[in-house]
Amino acid sequence: TAEDITLLESIASQVAISLQNAGSYARAEAALQEARSLVENAPEAVVIIDLATGLFTDPNENAVKLYGLQRDELVKVGTAQMSPPRQPDGRDSTEAAMEKLGEAMQGKTPVFEWIHRNAQGQDIPCEVRLVHMPGEKPRVRASVTDITERKQLQDLTALRARQQEAINTIT
């Protein structure tokens, strides 16, 4: 009957919409998994800094290794707790961090050297890259690379240059 046809068309339309929604959901899930994989497998430590609380969120495995804390402990701290009181240039770490985070929130992408302190109290020279995260919450992504080896090579190169200069002066 005409009523049966109308009912079947309505059911078919709802099934088609459900299938489209299921496909959209599956694609969204796949994209989310891909994004998580990119962060988790990044060569550097990656954390999100929640500016409302000052705490780290969503640390990757390299962040766990760098800071020497498990994920559940790492999300209870932030830059203030994982930095020495002062940076090598003498600036207060909290003030300097707020300045750099402010730059990121203004849309800049600051890249700078920073001393972090791991859970064992060891200072680690790092290169930090900050990027403002879109959304309603004020958040910044920090990519943190341990540059200990780079600093050691720079120090060794400077030492060798001074030694060579002394040899040149003597000769």
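Residues numbered from 1 in each chain as written. Predicted model: local features only at pLDDT ≥ 70, side-chain atom pairs only at ≥ 80, totals over all residues. Heavy atoms only, no water.

## Some remarks on empty space enclosed by the protein
Inference 1: In total, this model carries one cavity of 30 Å³ or more according to the counting rule given.
Inference 2: Taken as a whole, the largest cavity holds about 110 Å³ of empty space.
Inference 3: Residue assignment for the lining of the largest cavity shows that the elements contributing at least two residues are β1 (45-50), α4 (93-105), β3 (111-117), β4 (123-133) and β5 (139-146).
Inference 4: No other element matches the three residues that β3 contributes to the lining of the largest cavity.
Inference 5: Across the lining of the largest cavity, the residue classes break down as twelve nonpolar, two polar and no charged. (1 Å grid on protein atoms, 1.4 Å probe; cavity = no way out; pocket = protein on both sides within 12 Å on 5 of 7 lines; lining within 4 Å. Points joined across faces, edges and corners; volume = space filled by probe spheres on them. Helix = DSSP H or I, 4+ residues; strand = E, 2+ residues; numbered from the N terminus. Nonpolar A, V, L, I, M, F, W, Y, C, P; charged D, E, K, R; others polar.)

## So, a nonpolar patch on the surface
Inference 1: Taken together, the side chains of L7, L8, I11, V15 and L19 present a nonpolar region at the surface, about 490 Å² in accessible area.
Inference 2: Within the secondary structure layout, L8 lies in helix α1 (residues 2-40). (Patch = residues over 30% accessible without salt bridge, like charges linked within 9 Å, V, L, I, M, F, W, Y side chains within 5 Å. Areas by Shrake-Rupley, 256 points an atom, 1.4 Å probe, with all protein chains shown as cover. Salt bridge = Lys/Arg side-chain N within 4 Å of Asp/Glu carboxyl O.)

## Let's talk about the side chain of N118
Inference 1: Structurally, the position occupied by N118 is in the loop between β3 and β4.
Inference 2: Of the polar contacts made by the side chain of N118, one reaches the backbone nitrogen of Q120; its length is 3.0 Å. (Polar contact = N/O pair within 3.5 Å; in protein donor to acceptor, adjacent residues only side chain to side chain.)

## Looking at the pattern of salt bridges
Inference 1: Throughout the structure, instances matching the rule amount to six salt bridges.
Inference 2: For the salt bridge of R129 with E127, the shortest nitrogen-to-oxygen distance reads 3.2 Å.
Inference 3: Residue classification places E127 among the buried residues on the basis of a relative accessible area of 15%.
Inference 4: With its nearest N and O atoms 3.3 Å apart, the salt bridge here joins R150 to E127. Taken together, the residues span a long stretch of sequence, with R150 in helix α5 (residues 148-170) and E127 in strand β4 at a distance of 23 residues.
Inference 5: For R150, a relative accessible area of 35% gives the class partly exposed.
Inference 6: Taken together, the shared-partner salt bridges connect E127, R129 and R150 into one network. (Buried < 20%, exposed > 50% of the residue type's maximum accessible area, 1.4 Å probe, protein only.)

These figures come from the coordinates and say nothing about function on their own.
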